[in-house]
Every structure is written in C-alpha cells, then in structure tokens.
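The residues making up each chain are set out below.
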Amino acid sequence: MPERVTIWTYDWVPPGPRGFVRDLRLRWALEEAGIAYEVASTPLSPRGPDHLERQPFAQVPFLDDGDIRLFESGACLLHLAEKSEVLMPVDAQGKADTLQWFIAALNSVEMVTVPWWFINLSNPPENPLEGWMRQRFDRLEAVLQTRDWLAASRFTIADLMMADVLRMPMKLGALADHPALRNYVDRLCARPAFVKAHRDQIAHFESADAARNNGQS
Ligand SMILES: N[C@@H](CCC(=O)N[C@@H](CS)C(=O)NCC(=O)O)C(=O)O
C-alpha cells in the first residue's frame, strides 16, 4: 500500500492570511494529481522544538511522505511533481521548461512580491520596491499575452506556483495594469483543484475558530 502523504500547517491563523497560507500550494498540487493526503497541525503559538526540528525557520508548510520529511513549499512541490506527470512533464525539454519557470516564480517574482507586500503592510507613502516589482510584472505580462501556460503548453507546477505568487499582489490591486496576469490568475484559480484546496484551508482554520470558541483549545 502506498505511504500516505501528510501536509503540516498551523492549527489556527487569524482571518487575514486565511486562503494564503502556503500549505495551499501543497493541497492544490495533490488535488491536481489525485493523490490522497491528510492535513496535520502544529501550533501557531508557541512554536516549540518539535516544529523547529521539522522547519528550521518555524514556518509552515512541511510534508511527510512515508519516511520522507521535507520543508519549503517549493521543495515539497518538486517532490510531489516526481510522483505525477500531471504536475510536471517527463520529457527532457518539458521538464526543463517547467523547472525554470517554477524557480522563476520563486526567485524572480516572489523574491520581490513578498518584501513589497510586507513594506505595504505599514502603508508607506511610497513603496521603494514598486518599480522593481512592476518591471517583473511587465515582463511576465508580455510572456502571458502570447500563451496560456508558462511551460509545456499545459498546466504544470510552474503555473501553480506563479499563480499563487501573484494572488496577493492581485488582491492588493498591484495587477491593475496587467490584464494578462489577472486573467491568468483568475483562470488558474478557477481550476477545481484550487477551489477545493482553498475551501479546505478556510474550513481548517474555521473549525479551529469553533474549537477555540468552545474553549477546547
Ligand atoms: N519559503 C517558505 C516560506 C514559508 C512561509 O512564509 N510560511 C508562512 C506561512 S505561509 C509562515 O509560516 N509564516 C510565519 C513566520 O514566518 O513566522 C516556503 O515557501 O515554504
């Protein structure tokens, strides 16, 4: 019998980040691939030695796949992609294209969107990362004006990661001048696997609300 996959996330988070906690990336990939999984929780607070032993920055998500344990949402997705061709092609060029765009999502786009978002939280008169982020979006807009998918002419984990990375800037209005990127994110987020993953994450944290309100945690 195949070993069960377990995704680890927080037991509870406040409403703001719900729907954006990165266990969503893993849920989404597993739903796309049709791989059964369970979700387990680690306390948001306090984060103890057990958590640090699994994720050295005391973050989530992390993953169990039988005896294999790993952290970093990107690493977890690459691991899952080896299990299903739905997530990543096996032909050499298709796989290379998927990997390059997957890393580009993390290292060329998310590496500016997350700091931009954190600076934005303090409502500065100007965000010093605005120009840099806009330049990235302009380049990506040009790519996605000409095609529906980043790699292999079909859905891959490169699209999953890029769309997830773009969701927060889109929510905050930063894609107002980038219609191809907005359409891309909307199209990816309309996929049944995303819809289920998103709904399940919201339900996970809402059931924690219920438990807290009943004084059970
Ligand atoms: N690079 C990490 C980032 C993980 C991350 O930022 N996790 C957030 C939840 S989405 C978290 O645990 N935040 C709490 C913290 O950083 O203390 C990954 O992709 O797994």
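Here the structure is a predicted model, which is why all the values come from computation and not from measurement. (Residues numbered from 1 in each chain as written. Predicted model: local features only at pLDDT ≥ 70, side-chain atom pairs only at ≥ 80, totals over all residues.)

A. Looking closely at the site of the ligand. If you check the shell around the ligand, you find Val 21, Arg 22, Ala 58, Gln 59, Val 60, Pro 61, Glu 72, Ser 73 and Gly 74 and nothing else. Classifying every residue of the shell around the ligand gives 4 nonpolar, 3 polar and 2 charged. (Near = placed C-beta within 6 Å. Nonpolar A, V, L, I, M, F, W, Y, C, P; charged D, E, K, R; others polar.)

B. The pairing of strand β4 (residues 68-71), seen in detail. Here strand β3 (residues 62-65) runs beside β4; their pairing, made up of 4 bridges, is antiparallel. What sits directly across from Asp 65, in β4, is Ile 68. (Pairing = 2+ DSSP bridges. Helix = DSSP H or I, 4+ residues; strand = E, 2+ residues; numbered from the N terminus.)

C. Focus on the domain arrangement of the protein chain. Under the domain assignment, the protein chain is made up of domain 1 (5-85 + 193-213) and domain 2 (92-191). Centre-to-centre, using C-alpha coordinates, domain 1 lies 22 Å away from domain 2. Every contact between the two is made by 11 residues of domain 1 and, on the other side, 10 residues of domain 2. Among the elements that line the side of domain 1 that touches domain 2, the one with the most residues is helix α1 (residues 23-33), at 4 residues. Grouping the constituent residues of the side of domain 1 that touches domain 2 by class yields 9 nonpolar, 1 polar and 1 charged. (Domains from an automatic or database assignment. Contact = placed C-beta atoms within 7 Å.)

D. Representation of the nonpolar core within the structure. Counting 47 residues, the largest nonpolar core has Ala 29, Leu 77, Ala 105, Ile 157, Ala 158, Met 161 and Met 162 as the members making the most contacts within it. The dominant element in this core, judged by the number of residues it contributes, is helix α6 (residues 157-171), at 8 residues. The residues touching Ile 157, leaving out its near neighbours within four places in the chain, are Ala 29, Leu 77, Ala 81, Leu 87, Met 88, Thr 98 and Phe 102. (Core = buried A, V, L, I, M, F, W, Y, C linked by C-beta atoms within 7 Å. Buried ≥ 20, exposed ≤ 12 C-beta atoms within 10 Å, placed from the backbone.)

E. Quick look at the environment of Leu 87. Take Leu 87: it is sitting in the loop between α3 (73-81) and α4 (92-120). C-alpha of Leu 87 to C-alpha of Ala 174: the two residues are 87 residues apart in sequence and 28 Å apart in space. Leaving out residues up to four positions away in the same chain, Leu 87 has contacts with Ala 29, Glu 32, Ala 33, Leu 80, Ala 81, Thr 156 and Ile 157.

F. Spotlight on α6. If you check α6, its first and last C-alpha atoms are 21 Å apart, about what 15 residues at 1.5 Å a residue would give, namely 21 Å. Buried residues dominate α6, accounting for 12 of its 15 residues. Listing the buried residues of α6 in full gives Ile 157, Ala 158, Asp 159, Leu 160, Met 161, Met 162, Ala 163, Asp 164, Val 165, Leu 166, Arg 167 and Pro 169. For α6, the secondary structure elements touched by its buried residues are α1, α3, α4 and α7 (179-189). (Expected span 1.5 Å × (residues − 1).)

G. View of the sheet that holds strand β1 (residues 5-10). Reading across from one edge, β2-β1-β3-β4 is the order of the 4 strands in this open sheet, with mixed pairing throughout. Strands at the two margins of the open sheet, each flanked by one partner only, are β2 (37-42) and β4. Along the sheet, successive strands turn relative to each other by an average axial angle of 20 degrees, direction set aside. Looking at chain direction, β1 and β2 are connected through 6 bridges and run parallel. Within the sheet, the bridge partner assigned to Tyr 10 lies in β2 and is Thr 42. (Axes fitted to C-alpha atoms, helices over the stretch in contact; angles between N-to-C directions.)

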